[in-house]
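Inside the fold
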Amino acid sequence: MAKSLTQEFVKGLWDEVPPFRLVLGLCPTLAVTKAVENGIGMGVATTFVLVFSNILISSMRNVIPSKVRIASFIVIIATFVTIAELLMQAYTYPLFKKLGIFIPLIVVNCIILGRAEAFASKRGVFRSFLDGLGIGIGFTLSLVALAAVRELLGTGSLTFWVKPIQILGPSFKPFSFMVEAPGAFVALGLMLCIMNLAGRK
Amino acid sequence: MGDYFVLAISSIFINNILLAQYLGNCPFLGTSKKMETAVGMGMAVIFVLVMAGIITWITNTFFLVKFDLEYLRTVVFILVIASLVQFVEMFLKKSIPALYAGLGIFLPLITTNCAVMGVCLILVNEEYNFMQALVASFCYAVGFALALILFAGVRERILLARVPTPLQDTSIALVTAGILSLTFFAFKGMV
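The rules we used
Counting from 1, residues in each chain are numbered in the order their sequence is written. All chains are assigned letters beginning with A, and all ligands numbers beginning with 1, in the order in which they are written. Under the rules for a predicted model, residues below a pLDDT of 70 receive no local features and side-chain atom pairs below 80 are neither given nor counted, while totals for whole chains, interfaces and linings still include all residues. Excluded from the side-chain calculations are hydrogens and water; all other atoms, namely the structure's heavy atoms, are used. Secondary structure follows DSSP: runs of H or I at least 4 residues long count as helices, runs of E at least 2 residues long count as strands, and numbering of each begins at the N terminus. Partly exposed describes any residue whose relative accessible area lies between the buried limit of under 20% and the exposed limit of over 50%, with all areas from a 1.4 Å probe on protein chains only and scaled to the type maximum. Note that His is not counted, nor are the chain ends; the positive residues are Lys and Arg, and the negative ones are Asp and Glu. Where a charge lies is defined by one atom per residue type: Lys uses NZ, Arg uses CZ, Asp uses CG and Glu uses CD. The globule rule is 2.2 Å times the number of residues to the power 0.38, and the radius of gyration it is compared with is taken over C-alpha atoms. Here the open area of atoms and residues is found with the Shrake-Rupley method and a 1.4 Å probe, where only the protein chains shown may cover a residue. Pairs of residues are marked as contacts when any of their non-hydrogen atoms sit within 4.5 Å. Each of two parts loses accessible area, computed with a 1.4 Å probe, when they are put together; buried area is these two losses added. The term salt bridge refers to a pairing of a side-chain nitrogen on Lys or Arg with a carboxyl oxygen on Asp or Glu at a separation within 4 Å. Polar contact is the term for a pair of N or O atoms within 3.5 Å; when the atoms are in protein, one must be able to donate a hydrogen and the other to accept it, and sequence-neighboring residues count only if both atoms are side-chain atoms. Convention adopted: a line fitted to C-alpha atoms gives each axis, helices being fitted over their contacting stretch, and angles between N-to-C directions are expressed from 0 to 180 degrees. Note on angle classes: values under 35 degrees are labelled roughly parallel, values over 145 roughly antiparallel, values of 65 to 115 roughly perpendicular, and the remainder oblique. Working rule for handedness: look at the near helix, and if it is turned counterclockwise from the far one by less than a right angle, call the crossing left-handed; if clockwise, right-handed. Throughout this entry, Asp, Glu, Lys and Arg are counted as charged residues, while Ala, Val, Leu, Ile, Met, Phe, Trp, Tyr, Cys and Pro are counted as nonpolar. The remaining residues, Gly among them, count as polar. By nonpolar core is meant a set of buried Ala, Val, Leu, Ile, Met, Phe, Trp, Tyr and Cys residues that side-chain atoms within 4.5 Å join together. Each Phe, Tyr or Trp ring, with Trp reduced to its six-membered ring, pairs with another whose centre is within 6.5 Å; inter-plane angles below 30 degrees give stacked pairs, above 60 give edge-to-face pairs, and intermediate values give tilted ones. Lysine NZ or arginine CZ positioned within 6 Å of the ring centre and within 35 degrees of the ring normal marks a charge as sitting over the ring. Patch members must show over 30% relative accessible area and no salt bridge, and they are joined within 9 Å when carrying like charges or within 5 Å when they are nonpolar side chains of Val, Leu, Ile, Met, Phe, Trp or Tyr. The predictor's confidence in any single residue is recorded as pLDDT, a number from 0 to 100. The criterion for strand pairing is that DSSP finds at least two bridges linking the strands in question.

Notes on the overall build of chain B
Secondary structure assignment for chain B yields nine helices and zero strands. Taken from the N to the C terminus, the helices and strands of chain B come in the order α-α-α-α-α-α-α-α-α. Reported as C-alpha extents along the three principal axes, the dimensions of chain B are approximately 60 × 45 × 30 Å. Within chain B, the proportion of its 191 residues that are buried is 53%. Distance from the positive charge centre (10 side chains) to the negative charge centre (9 side chains) of chain B: 12 Å.

Description of the overall build of chain A
Each helix and strand in chain A was counted, giving eight helices and two strands. Here chain A has a C-alpha radius of gyration of 18 Å; the compact-globule value for 201 residues is 17 Å, and the two agree. Counting over 201 residues, chain A shows a buried share of 51%. Here chain A has roughly 9,100 Å² of accessible surface; of this, 69% comes from carbon and sulfur atoms. Between the centroid of the 18 positive side chains of chain A and the centroid of its 9 negative side chains there is a distance of 3 Å.

Points about unusual backbone geometry
Residue and element names in this part refer to chain B. The backbone phi angle of Y22 is positive, close to 55 degrees, even though this residue is not glycine. Mapped onto the fold, Y22 is located in the loop between α1 (2-14) and α2 (25-30). Taking relative accessible area as the criterion, Y22 reaches 5% and is therefore assigned buried. Even without glycine at this site, E127 takes up a positive phi of about 55 degrees. With respect to the helices and strands, E127 occurs in the loop between α7 (114-125) and α8 (130-158).

Some points on the interface of chain B and chain A
Listed by partner, the interface residues are 35 residues for chain B and 39 residues for chain A. Both faces considered, chain B and chain A share a buried interface measuring about 3,000 Å² in area, 82% of it formed by carbon and sulfur atoms. On the chain B side of the interface with chain A, the three residues burying the most area are Y22, P166 and L174 of chain B, jointly 23% of the side's total. Linking chain B with chain A are zero salt bridges. Where chain B meets chain A, there are four residue pairs in polar contact (both at pLDDT 80 or more). Elements with a minimum of two residues in the side of chain B that touches chain A: α2, α4 (73-95), α7 and α9 (170-185) of chain B. Take the side of chain B that touches chain A: its biggest share by element is nine residues, from α9 of chain B.

Focus: the packing of α7 of chain B against α8 of chain B
Residues and elements named next belong to chain B. For the pair α7 and α8, interaxial distance at closest approach is 10 Å and the crossing angle is 150 degrees. On the basis of the axis angle, α7 is roughly antiparallel to α8. α7 and α8 meet at a crossing whose hand is right-handed. Residues A115, V119, I122 and L123 of α7 form the contact with α8, whose participating residues are A133, A136, S137, Y140 and F144. Across the contact of α7 with α8, the residue classes break down as eight nonpolar, one polar and no charged.

Some points on the nonpolar core
Counting 113 residues, the largest nonpolar core has V49, L105 and I106 of chain A together with I17, L19, I110 and M117 of chain B as the members making the most contacts within it. In terms of residue count, the dominant contributor to this core is α8 of chain B (twelve residues). Apart from the residues lying within four places of it in its own chain, the contact partners of I110 of chain B are M41, A44, V45, V48, V85 and V116 of chain B.

Thoughts on the environment of K94 of chain B
Of note, K94 of chain B is situated in helix α4. Each C-alpha atom, one on K94 of chain B and one on L64 of chain B, is 32 Å from the other, the two residues being 30 residues apart in sequence.

Remarks on the packing of aromatic side chains
All names here are of chain A. Enumeration according to the criterion identifies 13 aromatic pairs over all chains in this entry. Their ring planes at 25 degrees and their centres at 6.0 Å tell us that Y93 and F96 sit as a pair that is stacked. Remark: F96 and Y93 occur in helix α5 (residues 93-99); sequence separation between them is three residues, near one turn of the helix. Of the residues examined, Y93 reaches a relative accessible area of 42% and is grouped as partly exposed. Residue F96 is classed as buried on the basis of its relative accessible area, which comes to 14%. The residue whose ring lies beneath R123 is F119, and the NZ or CZ to ring-centre distance is 4.6 Å.

Thoughts on a nonpolar patch on the surface
On the surface, F47, F87, M90, F91, I96 and L99 of chain B cluster together to form a nonpolar patch covering roughly 550 Å² of accessible area. Here F47 of chain B is to be found in helix α3 (residues 35-64).

A short note on the confidence of the model for chain B
Residues at a pLDDT of 70 or more form 99% of chain B, whose mean pLDDT is 86. Per-element averaging of pLDDT across chain B places helix α6 (residues 107-111) of chain B at the bottom with 76 and α8 of chain B at the top with 92.

Some points on the pairing of strand β1 (residues 157-161) of chain A
Each regular strand carries side chains that alternate between the two faces of the sheet. Residues and elements named next belong to chain A. Looking at chain direction, β1 and strand β2 (residues 163-166) are connected through four bridges and run antiparallel. Looking across to β2, one finds that T159 is bridged to P164. Counting the residues between successive antiparallel strands, the hairpin from β1 to β2 contains one residue, one of them, V162, with a positive phi of roughly 65 degrees.

Details of the side chain of N109 of chain A
Residue and element names in this part refer to chain A. For N109, the position within the fold is in the loop between α5 and α6 (110-120). When its relative accessible area of 3% is taken as the criterion, N109 is described as buried. Sequence-distant contacts of N109, defined by excluding residues within four places in its chain, comprise G25, P28, T46 and F139.

As structure tokens, this is what we get:
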């Protein structure tokens, strides 16, 4: 069942969009979505790691012995995470501070290892690149959507880059439950419910 | 002694690894459908996390910091954890088959459990000394097991309730986790 190249890319945006359809990579999803800015930063960093590790793993798929494949995948992923970490430390230091330990934790994000094992280790380089890009963009969009809901209800403003923009008027009373830990779980649960409703037809 | 008590309470309740720090949520949702698996996973995490915490602490202090290699931390930590888990699995299989039968299937999952890697990074970031690292890693693991077992108890009851179709499974589990997290949130006033 060979999919066309466009399909490989598009499936990451709706059919298999993490963290909604594949319930993977929940920890960064819940933790960084206090502000839209954090969601964008995390999404871009994850996409970077996902795309490059997919490319490298797929191009080395005939060289890596299958017994030690998981260990090899982890080393490749960890290398790209370190690159992303150092780049963010150098160029976007405030964001790097805010995301904290969740940047090194991209290594144990199940989405990346999942794509490496299920997709990149079996398919060609270009297909793996498209798959990584699609899933990465899907993940970024989900993070942004969740963060927008939480930040808007929790603070009444949206932070796209550095400065918060006030959206709701001064009469709005911030619902601070949403930006705290419990709100993260509830918001994600309700969004999942809405996705189920929308997909049911 | 008092300091260690505060550290223990804050690691178990206030900064609960699952419900306040959002680490280790994949196994939290994945293994909480039945009480048995939740207990098994909780014990496996306590077992591995204490060892991983100590070993990564030692690696970091006597190797990475000493030779100025801190930028390699991510790669080194994940390799240490992965090989530790593999080693524990082999050791248990050979020497304590009874324990292996209980924890065996959960061990491979622990490598990609971000709670383990997360606690190792927290220990290093907070610059704990050896005793503090030991106490904190044990208490974080206990907090993980506690939250997981509580959640499994609640989830077993949800099976008996009538849940609207779109909310079923993961969705209702997340909302429940939110309410559980709210109860842990109340501990914030304690210290």
